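The chain contents come next:
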Amino acid sequence: MSFPRAKPIDALYEDVASYDLVVVPDAPLAGALNRRIDRPRLGSFATTPRRLAAGRREEAEDRIAFLELAERTDMDWKRGAYAIGNVLQCWEHQGRLDAIRDYDAYVDDVTRQAIEHVDALDTTSSRLTEYRIGDERDVAVVGYDQLTRLERSILPDEYDTYDTFDDREFDHPPFHVFDSSTAIVDAVVDAVTEETAADVAVVLDQGSEFSTLVESALEAADIPFYGGPGFIDDPDHRAFVQLLRAAHGGTDTRVGEIRPLLERVGISVDVEHDEKRLYALDDRELDWIVDFRERIEDRTFGEALDRFEDRTDRRLGAFRDELETLGIADARATESAVDQLVFYLQSYEVPIDRENEGVLLADAKSAAYVDRPVVFYLGLDEDWTHSAPRRPWVDRDAQYTRNVQQFQLLLQSGATQYYLVQDAKGGSPVTPCLYFEELLDEEFERFSDLTSQTHTRRFDRTGEGFENEPVDATTNEVSTISQSSLGTYVNSPRDHFFGRLVDSPDEDYFKEGNLFHDFAEFYVTHPDFVDEDVIDDVVEHVLDETRPFVRSVDEATRRTKYRAGLETIVAFFEENGPVDGEFLTATSGWGSNVFAERFDRPVDSPITERWFENDELGLKGKIDLVHSPSRLVDHKSGRRKSASRIVTNSALDPPSDAPNFQALLYLTHWRSQHPGQELEFTFFHFLETLDDVVAGEADLDDTLTTITYHPMPFEEYASSEAFFDELVEDGSNKCRKTLSQVEYEDYATAFVETDLPETTDSDELIDSEFGRTLTARMKDCVGDYKYVEQGCKQAMRQLARVRGQAFFEDDLDAFETFVDERLEELNRRRAGEERFPIEGLGGEPNYRYVDNRDLLLEGGSGHKEEEGGSGHKEEEGGSGHREGDR
């Protein structure tokens, strides 16, 4: 694969060396040509139109014009910036200052004011408009097509043009595909030393994650660099702006949202508080932030900066100077004023002094030439594509051509180029920069479709992979696993691994769930004590405990929710009184109970919050309620799931994309305590009927989902006389009509003649050999009638329905084997014999149920990465409590 080759700088210099003046579109190209001058010259040789006309380094005239407008008028900053941008852009593309007046839709009072103020300024564009190269000079123009109309206006009547490309082809180097952005940055830093830094350039999208990653990595390695971080990228500048915004952010600001600020001002808050509201958290460490917020309206920007400097013991002289330049140092830091400051800092690049030494960091959207021997290109994805201005004065086709040519030139900078990319991110292929479609004559969707080399960090036990120093450490084997850990592990072993290493913040639904569980346990022990006054007290206590998570405007809604949940729990136990628990052995209980302590009454029932560790089966967990010897109950605050959904999510081969093994695991354990007995596991979703409780129309049945375990294989159950009688009595109309005319033996014969297939798909069952045998048998007994065929279909649909809504002996047997295999596999990985892969048993993880998404970097075997939170526990109707896996 190739595309037109950029003319080498040395060859380009030979073409233009004899001219008095060489006009180029790009300052780095001018610098590269000037560095090759081999004889004394008077005045400029290679330069850009703007530098030539202004006689100085190019300045950001949009910022200069904005500052002038902000100082001399009281117009809204956003409107003023918008008008200035339009005026300057139209001037650039049409060649004259007042050209925007030709476009009525873009002309208003602010625009007219902007034209007047810009006209009065000594800007580079004004000098370009007035300047013209004398005809006496011998002029060459390199890259004429890349010059705008305003830049071309300075050219003399006669000049020679030189293309930036030659007739040869450029065979671009392969794309080096890495697992992650950090792996790409590591590769760059590993290849650069302090001595070679001046020979290296790194081209990246300045707005991408690569920018900060490269800067911090080079800094950590003591490798000098320049051209990277801007004014607002300074950590103290960023922290001060975040402090101003947090001060006006309202009472719903969460600790996690301002954690970088807290760390910068020396405030340490545990990660468990990240989801709590900053101003509702009772922590003395936060008093300084709270005090700053409460007095912000009375402080000027200068005074606020004084407070920040005193707290951090660092001086922000450059930021103070910029406040003076904007004329707001003595203005009050009101919310609208802070918004204006943030808009300014996001819109304009404040100039800073840089030392031009070390690795050059170049922005992919600004540079066209990078004159360094070695150039690394990071990312090369769709974010490298320029956003063409959507304005009527811009020739979009010409602008697109300029952008493609700039990209084409940039890719060939340096003597050696390295394209370092990712092939997938966030579970999706990375889209290469759209300009590649213009340059490469072939179809592709991702970098691996092109000429590429994959660099994957492989785990190599031979010692030829990473150089690891041996560590003398022993690993304790895991002997039991909980349902939540098993579900996470099956979805993504890597996520399970990080879940044991990384602390996660408390969530409101955990806090609520734990309090509801405590109340349920307390009520079971003291039903006569709980009356309306107690419920009122419990509601207020739950509100107090969850207040750090909840907006004040939502408090009334939460109060209603909590009362409805408590009343539903009371109603459930009044209607479904549990057994006394005499059949159980005594336990030491599970932790403390908030309401036992609050009302000074002990909670020592053996049937509630019963922890188990079944070493023989490798299972552990906590049973919310042992309702009877044959029935377990689990309290859920999340949405109710159907029995079929629960059974589906318990699938083993292959696992569901939302694995949840709670009912299956608990029933497997309980079977070992009560073998040969039919068992039930009931999910009690006490908030499911919230709306109905408020309306006074609640039905407890709507809160319950029960999964039954039958102590026999499914085929034995399906062929039993009991199930046959159930079909006769409770089946659909034609099923009852058909089977009521035959004997049980006639029905059972079909099971003897043909094996029942392993399926929950009713259509598959009907079309199977068994389905045809049963239908034929019934027709022989009853007659070849249409209703008989329909009746058999209804019977088999009922068979499939039962199979998909209950567990049988073979299900629990298979689960025991499944757990043994997972524990053996888990312990191998814990011992270091193999890696914890990102992909689970079902392949790519379901990222909705991943808790440590940011830590799951991509890998060569389809590893994916996504951003954001998971919501796993609440999505699956989390009960609120965390099981003891750590």
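Residues numbered from 1 in each chain as written. Predicted model: local features only at pLDDT ≥ 70, side-chain atom pairs only at ≥ 80, totals over all residues. Heavy atoms only, no water.

Trainee: Even after reading the chapter, I still don't get the overall build of the protein chain, so can you show me in this structure?
Mentor: Looking only at helices and strands, the protein chain has 36 helices and 21 strands in total. Put simply, the protein chain has 886 residues, and 51% of those count as buried. A separation threshold of at least 6 residues defines the contact pool for the protein chain, and within that pool the share at least 24 residues apart is 73%. When the accessible area of the protein chain is evaluated, it comes to approximately 42,200 Å², of which 41% is carbon and sulfur surface. (Helix = DSSP H or I, 4+ residues; strand = E, 2+ residues; numbered from the N terminus. Buried < 20%, exposed > 50% of the residue type's maximum accessible area, 1.4 Å probe, protein only. Contact = heavy atoms within 4.5 Å. Areas by Shrake-Rupley, 256 points an atom, 1.4 Å probe, with all protein chains shown as cover.)

Trainee: Any chance you could explain the packing of helix 11 (residues 235–247) against helix 16 (residues 335–347) here in plain terms?
Mentor: A pair of packed helices can be characterised by two numbers: the angle between their axes and the separation between those axes. With their axes 10 Å apart at the nearest point, helix 11 and helix 16 run at an angle of 145° to one another. Judged by the sense of rotation from one axis to the other, the crossing of helix 11 with helix 16 is left-handed. Here V241, L244 and R245 of helix 11 lie close against helix 16, whose contacting residues are V338, L341, V342, L345 and Q346. Split by residue class, the contact of helix 11 with helix 16 holds 6 nonpolar, 1 polar and 1 charged. (Axes fitted to C-alpha atoms, helices over the stretch in contact; angles between N-to-C directions. Left-handed = near helix turned anticlockwise from the far one by under 90°. Nonpolar A, V, L, I, M, F, W, Y, C, P; charged D, E, K, R; others polar.)

Trainee: Where do I start with the sheet that holds strand 20 (residues 704–710) in this structure?
Mentor: Pairing in this open sheet of 6 strands is mixed, and the strands run 16-17-18-19-20-21 from one edge to the other. At either margin of the open sheet sits one strand with a lone partner, and together these are strand 16 (608–614) and strand 21 (806–808). On average, adjacent strands in this sheet sit at an angle of 35° to one another, irrespective of strand direction. Sheet topology note: the strand 20/strand 21 ladder contains 3 bridges and is parallel. Counterpart to H710 in the pairing with strand 21 is F808. Packing against the sheet, helix 26 (residues 662–673) makes contact with strand 16, strand 17 (619–628), strand 18 (631–636), strand 19 (679–685), strand 20 and strand 21, and its axis sits at approximately 75° to strand 17. (Pairing = 2+ DSSP bridges.)

Trainee: Got a minute to help me understand the nonpolar core in this structure?
Mentor: Formed by 79 residues in total, the largest nonpolar core has its most connected members in F66 and L244. For this core, the element with the highest residue contribution is helix 5 (residues 77–94), accounting for 8 residues. Excluding anything up to four places from it in sequence, L244 contacts F292, I296, F301, A304, A333, V338 and L341. One finds F595, A663, L812 and V819 within the second-largest nonpolar core, a separate group that totals 65 residues. (Core = buried A, V, L, I, M, F, W, Y, C linked by side-chain atoms within 4.5 Å.)

Trainee: Sorry, what's going on with the pattern of salt bridges here?
Mentor: Two side chains that carry opposite charge are able to pair once their charged atoms sit near each other. Evaluated as defined, the whole model comprises 53 salt bridges. For E68, the salt bridge is made with R72, and the minimal N-O distance between the two is 2.0 Å. Highlighted residues: E68 and R72, both in helix 4 (residues 61–72), separated by 4 residues, approximately one helical turn. By relative accessible area, which is 17% here, E68 ends up buried. (Salt bridge = Lys/Arg side-chain N within 4 Å of Asp/Glu carboxyl O.)

Trainee: Where do I start with the packing of aromatic side chains in this structure?
Mentor: If you walk through the whole model with that rule in mind, you get 50 aromatic pairs. On the numbers, 5.7 Å between centres and 20° between planes, the contact of F66 with Y344 is stacked. Taken together, the positions of F66 in helix 4 and Y344 in helix 16 put the pair 278 residues apart, joining distant regions of the chain. Owing to a relative accessible area of 2%, F66 belongs among the buried residues under this scheme. (Phe/Tyr/Trp six-rings, centres within 6.5 Å; stacked < 30°, edge-to-face > 60°.)

Trainee: Just to check I follow, could you spell out a negative patch on the surface for this structure?
Mentor: Residues D20, D135, E136, D138, E158 and D160 make up a contiguous surface patch of negative charge. E158 gets classed as exposed once you look at its relative accessible area, which sits at 67%. (Patch = residues over 30% accessible without salt bridge, like charges linked within 9 Å, V, L, I, M, F, W, Y side chains within 5 Å. Lys, Arg positive; Asp, Glu negative; His and termini not counted. Charge placed at Lys NZ, Arg CZ, Asp CG, Glu CD.)

Trainee: How should I be thinking about the sheet that holds strand 10 (residues 359–363) in this particular structure?
Mentor: Strands sit in the order 9-10-8-11-12-7-15 across an open sheet of 7 strands; the sheet is parallel. Edge positions in the open sheet fall to strand 9 (225–226) and strand 15 (452–455), since each of these has one partner strand only. The pairing of strand 11 (residues 374–378) with strand 12 (residues 416–422) spans 5 bridges and is parallel. Counterpart to Y377 in the pairing with strand 12 is Y419. Sheet strands in contact with helix 9 (residues 181–191) are strand 7 (175–178), strand 8 (200–204), strand 11 and strand 12, and its direction is about 155° off that of strand 12.

Trainee: It is not clear to me how the packing of helix 13 (residues 287–294) against helix 14 (residues 301–312) should be interpreted in this structure. Could you clarify?
Mentor: Orientation of helix 13 relative to helix 14, taken along the N-to-C sense of each, is 170°, at an axis distance of 12 Å. With respect to their mutual orientation, helix 13 and helix 14 come out roughly antiparallel. Only A304, R307, F308 and R311 of helix 14 make contact with helix 13, whose side of the interface consists of W288, D291 and F292. Here the contact of helix 13 with helix 14 is composed, by residue class, of 4 nonpolar, no polar and 3 charged. (Parallel < 35°, antiparallel > 145°, perpendicular 65-115°, else oblique.)

Trainee: How should I be thinking about the confidence of the model for the protein chain in this particular structure?
Mentor: In low-pLDDT segments, the atomic positions of the prediction should not be examined closely. On average, residues of the protein chain carry a pLDDT of 84, and 90% of them reach 70 or more. Within the model, pLDDT remains below 50 along residues 458–471, and this stretch shows 9 contacts once partners closer than five positions in the same chain are excluded. (pLDDT = per-residue confidence, 0-100.)

Trainee: Which parts of the structure should I look at to understand the environment of V647?
Mentor: In this structure, V647 sits in helix 25 (residues 643–649). Remark: the alpha-carbon pair of V647 and A806, spanning 159 residues in sequence, is separated by 6.9 Å. Leaving out residues up to four positions away in the same chain, V647 has contacts with I707, G804, Q805, A806 and F807.

Trainee: In this structure, what is going on with unusual backbone geometry? I would like to understand it.
Mentor: Working note: non-glycine residues mostly have negative phi, and peptide bonds are mostly trans. A cis amide bond links D653 with the next residue in sequence, P654, at an omega value of 0°. The topology assignment puts P654 in the loop between helix 25 and helix 26. One non-glycine residue with positive phi stands out, namely L380, at about 50°. Residue position: L380 is located in the loop between strand 11 and helix 17 (396–410).

Trainee: Could you clarify how one ought to interpret the environment of G95 in this entry?
Mentor: Note on placement: G95 falls in the loop between helix 5 and helix 6 (109–120). Leave out the neighbours within four places in its chain, and G95 touches C90, R149 and L150.

Trainee: Teacher, can you tell me more about helix 16 here?
Mentor: Residue pairs three or four apart in sequence face the same way in an α-helix, which turns once every 3.6 residues. Taking 1.5 Å of rise per residue, the 13 residues of helix 16 would be expected to cover 18 Å, and the 18 Å separating its terminal C-alpha atoms lies within 8% of that figure. Against the buried residues of helix 16 lie helix 4, helix 5, helix 11, helix 14 and helix 15 (317–326). (Expected span 1.5 Å × (residues − 1).)

Trainee: What's the story with the environment of I766 in this structure? I'm lost.
Mentor: In this structure, I766 sits in helix 32 (residues 762–766). The spatial distance from the C-alpha of I766 to the C-alpha of A800 is 9.7 Å, given a sequence separation of 34 residues.

Trainee: Would you take a moment to explain the pairing of strand 17 for this structure?
Mentor: The side chains of a regular strand alternate, residue by residue, between the two faces of the sheet. Most of strand 17 is tucked away: 10 of the 10 residues are buried. Relative to strand 17, strand 16 is paired through 6 bridges, and the arrangement is antiparallel. Note that in strand 17 the partner of N614 across the bridge is L619. Relative to strand 18, strand 17 runs antiparallel, the two sharing 3 bridges. The residue bridging L625 from the neighbouring strand is V633, located in strand 18. Counted along the chain from strand 17 to the antiparallel partner strand 18, the turn is 2 residues long.

Trainee: Please explain helix 17 as it appears in this structure.
Mentor: For helix 17, spanning 15 residues, the distance from its first C-alpha to its last is 21 Å, which sits close to the expected 21 Å at 1.5 Å a residue. Three or more residues of helix 17 are buried, namely Q399, R402, N403, V404, Q405, Q406, F407, Q408, L409 and L410. A side-chain oxygen of the first residue of helix 17 lies 3.2 Å from the backbone nitrogen of D397; this N-cap is D395. (Polar contact = N/O pair within 3.5 Å; in protein donor to acceptor, adjacent residues only side chain to side chain.)

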